[in-house]
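A structural walkthrough
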Amino acid sequence: MSIGILILLGVVAAAFLAFKVGDVFSPWFLTVIVWFGILLMFQFDTLLYPLGDRFYTSLLLWIPIFCGASILTYYALPSTTTDNKHKEPMQAIDVNNTIFNVLFYLSLVLTPLYLYRIMQTIMMFDTSDMLYNLRILAVHGEQSYGILNYTYVINMSLLAVGIWHYPKIPLWKLLAIYFVCGISAFAIMEKGMIFFFLAATVFVLYEKRVIRMRTIIIWGLVIVVLFFLMNMARDSSELDDDERMTFLDFLAVYLLSPSVAYDRISEDMSGQWGTNTFYTVYLFLNRFGFNFEQGAKLQDFVWVPLPTNVYTIFQPFYQDFGQKGIAMFALLYGTLSGWVYRLFRNGSRYGRCIYIYFVYVLVLQFFQDNLLQSTVIVLQFLFFVWLMTQQKYYVNWGNDVK
């Protein structure tokens with residue numbers, strides 16, 4: 001079955017390119033090529049267990065429904081640009097410089113303070129395991145740092161806007177944004193931020209016609225190696241050399257194991273609607289006095305036979321709603337992605353910036369869900385980006401009513 005699906009995905013991807021249905025960063029092409037790449041790697045000898053029927057069923061539901069919904073939504077919405085316009089390099093956008101600069105300088109102050117507060121806690125423990133303890137604190141810690149907690153999403157928003165705004169901002173400002181993003185990633189030893197700014201850079205440079213597909217492939221290899229080194233750095237120093245993860249183990253765990261592990265989860269029988277899918281929503285509501293059951297912040301490890309605790313983008317949807325949940329959220333994600341992609345292609349400043357986040361979500365769909373599982377971060381990201389991309393603010397008091 002794997003080879004048959006692989007051939008079909010290859011044909012579909014080639015058809016998208018041949019008939020110019022979107023481009024390489026369209027949501028449907030990204031979805032097809034991501035799963036094509038995963039299935040292709042499974043054709044080589046791996047240490048993992050074989051893929052199961054549940055995964056294949058979900059994949060055969062997800063891809064056609066998602067692609068169909070995103071394509072129909074994109075072409076059903078009105079276009080404000082011509083086909084020839086799409087071939088031209090995208091230009092820098094205008095932003096609200098006041099809001100952008102306020103958030104920029106705020107980030108320069110808050111990000112080092114955020115790292116300092118975290119390091120104060122870390123230094124209470126064994127400093128030989130500092131990098132490992134940084135990640136443990138980020139995952140299991142209950143500390144709240146007030147306004148400093150917003151530095152992560154502010155930096156993401158600044159990058160999404162700043163990279164499109166360049167060269168209308170000085171190069172040093174853009175480099176400073178990259179720097180604070182790097183500090184944010186280090187503060188919680190989280191690879192997501194690194195992947196976000198690398199994916200954003202590749203995507204925008206490609207759309208500006210600064211780089212070609214060959215460069216993207218090279219960057220992809222660099223990202224994989226960078227993540228491997230980061231993973232090694234945060235390993236506990238107590239691990240023996242024979243217990244440390246090799247590069248092949250790393251590839252198997254982070255690229256292929258989620259698909260295998262997906263067959264080993266079970267449906268949620270709690271009776272609460274969307275416990276896993278809307279984890280962050282229930283977490284937010286409970287902070288205001290409600291008493292909803294919360295899904296696990298981190299999933300349990302399973303052995304495939306390597307240990308992993310990520311289960312692809314399908315995991316929360318299947319746990320809460322079964323295979324019908326895969327179909328339902330494929331339709332939702334496809335429709336939403338097609339709409340944002342149309343905003344992006346129509347030249348919307350806001351659409352350009354928020355589509356960066358969708359590229360990030362879609363490229364990582366083989367790993368985990370980064371949209372509904374991160375609802376609060378997504379809403380904050382949308383808000384900060386909106387603030388920076390609106391050049392004028394006004395209130396209509398009804399004076400123009402005749």
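Residues numbered from 1 in each chain as written. Predicted model: local features only at pLDDT ≥ 70, side-chain atom pairs only at ≥ 80, totals over all residues. Heavy atoms only, no water.

Another point: the overall build of the chain. What the chain contains, in helices and strands, is 16 helices and two strands. Residue burial in the chain is summarised as follows: out of 402 residues, 51% are buried. Partitioning the intrachain contacts of the chain with sequence separation of at least 6 by distance along the chain shows that 75% fall at a separation of at least 24. Entry remark: accessible area of the chain is about 19,900 Å², with carbon and sulfur atoms responsible for 65%. (Helix = DSSP H or I, 4+ residues; strand = E, 2+ residues; numbered from the N terminus. Buried < 20%, exposed > 50% of the residue type's maximum accessible area, 1.4 Å probe, protein only. Contact = heavy atoms within 4.5 Å. Areas by Shrake-Rupley, 256 points an atom, 1.4 Å probe, with all protein chains shown as cover.)

This paragraph deals with the packing of aromatic side chains. Think of a pair of aromatic rings as described by two things: how far the centres are apart, and how the planes are tilted against each other in angle. Enumeration according to the criterion identifies 44 aromatic pairs in this entry. Residues Y282 and F292 carry aromatic rings whose centres are separated by 5.0 Å and whose planes lie at 45° to one another, so their mutual orientation is tilted. On the criterion of sequence distance, the pair formed by Y282 in helix α12 (residues 279-286) and F292 in the loop between α12 and β1 (302-303) is long-range, its members being ten residues apart. On the basis of relative accessible area, Y282 is assigned to the buried category, the value being 11%. Ring centres of F317 and F329 lie 4.4 Å apart, and the angle between their planes is 10°; this geometry places the pair in the stacked category. Taken together, the residues F317 in helix α13 (residues 315-321) and F329 in helix α14 (residues 323-345) connect sequence positions twelve residues apart. Over the face of the ring belonging to Y206 we find R209, whose NZ or CZ atom lies 5.8 Å from the ring centre. Directly above the ring of Y74 sits R342, whose terminal nitrogen or CZ lies 3.8 Å from the centroid. (Phe/Tyr/Trp six-rings, centres within 6.5 Å; stacked < 30°, edge-to-face > 60°. Lys NZ or Arg CZ within 6 Å of the ring centre and 35° of its normal.)

What follows is about the side chain of R345. Note on placement: R345 falls in helix α14. A distance of 3.3 Å separates the side chain of R345 from the side chain of E207, its partner in a polar contact. (Polar contact = N/O pair within 3.5 Å; in protein donor to acceptor, adjacent residues only side chain to side chain.)

All right, on to the pattern of salt bridges then. Side-chain pairs of opposite charge can arise where the charged atoms are in close proximity. Scanning all chains against the criterion turns up four salt bridges. Here R345 makes a salt bridge to D23, at a shortest N to O gap of 2.2 Å. Linking R345 in helix α14 with D23 in the loop between α1 (2-18) and α2 (27-42), this pair joins segments that are 322 residues apart in sequence. Notably, a salt bridge pairs K168 with D94, separated by 2.5 Å at the nearest N-O pair. Taken together, the residues span a long stretch of sequence, with K168 in the loop between α7 (151-165) and α8 (171-188) and D94 in the loop between α4 (83-87) and α5 (97-122) at a distance of 74 residues. (Salt bridge = Lys/Arg side-chain N within 4 Å of Asp/Glu carboxyl O.)

Another point: the side chain of T375. Examined against the element boundaries, T375 turns out to sit in helix α16 (residues 375-389). There is a polar contact of 2.6 Å between the side chain of T375 and the backbone oxygen of L372. Among residues more than four places away in sequence, those in contact with T375 are T280 and V281.

Turning our eyes to something else, we now look at the environment of Y333. Considering the arrangement of structural elements, one finds Y333 in helix α14. It is 9.9 Å that separates the C-alpha atoms of Y333 and L372, two residues lying 39 residues apart in sequence. Those residues in contact with Y333 that lie beyond four places of it in its chain are W62, F66, I313, F317, D369, L371 and L372. Of the polar contacts made by the side chain of Y333, one reaches the side chain of D369; its length is 2.8 Å. Among the polar contacts listed, one links the side chain of Y333 to the backbone nitrogen of L372, at a separation of 3.3 Å.

Now for a nonpolar patch on the surface. Side chains of Y105, L108, V109, L113 and W172 sit close together on the surface and give an oily, nonpolar patch of about 470 Å² of accessible area. If you tally residues by element for the nonpolar patch, the top one is α5, at four residues. Within the secondary structure, L108 is located in helix α5. (Patch = residues over 30% accessible without salt bridge, like charges linked within 9 Å, V, L, I, M, F, W, Y side chains within 5 Å.)

Another point: the nonpolar core. Counting residues in hydrophobic clusters, the biggest one holds 127 residues, and the most contacted among them are W35 and W62. Tallying contributions element by element places helix α9 (residues 191-207) first for this core, with twelve residues. Among all residues touching W62, those that are not within four sequence positions of it are T31, W35, C67, I313, F314, F317, I326, F329, A330, Y333 and Q365. (Core = buried A, V, L, I, M, F, W, Y, C linked by side-chain atoms within 4.5 Å.)

Its 16 residues place the ends of α2 23 Å apart at the C-alpha level, agreeing with the 22 Å of an ideal helix rising 1.5 Å per residue. Three or more residues of α2 are buried, namely P27, W28, F29, L30, T31, V32, V34, W35, I38, L39 and F42. The secondary structure elements touched by the buried residues of α2 are α1, α3 (53-76), α11 (247-261), α14 and α15 (349-363). (Expected span 1.5 Å × (residues − 1).)

Contact geometry for α7 and α15: axes closest at 9 Å, N-to-C directions at 125°. Between α7 and α15, the angle falls in the class oblique. In terms of crossing hand, the pair formed by α7 and α15 is right-handed. The residues of α15 that touch α7, namely those facing M156, A160, V161, I163 and W164, are R352, C353, I356 and Y357. The residue makeup of the contact of α7 with α15, split by class, is eight nonpolar, no polar and one charged. (Axes fitted to C-alpha atoms, helices over the stretch in contact; angles between N-to-C directions. Parallel < 35°, antiparallel > 145°, perpendicular 65-115°, else oblique. Left-handed = near helix turned anticlockwise from the far one by under 90°. Nonpolar A, V, L, I, M, F, W, Y, C, P; charged D, E, K, R; others polar.)

What follows concerns unusual backbone geometry. In this model, Y166 is joined to P167 through a cis peptide bond whose omega is 10°. Of note, the bond from V304 into P305 is cis; its omega dihedral lies within 30 degrees of zero at 0°. In this structure, K20 is a non-glycine residue whose phi angle is positive, near 55°. Unusually for a residue other than glycine, R209 sits at a positive phi of about 65°. Relative accessible area serves as the criterion here: at 36%, R209 is assigned to the partly exposed category.

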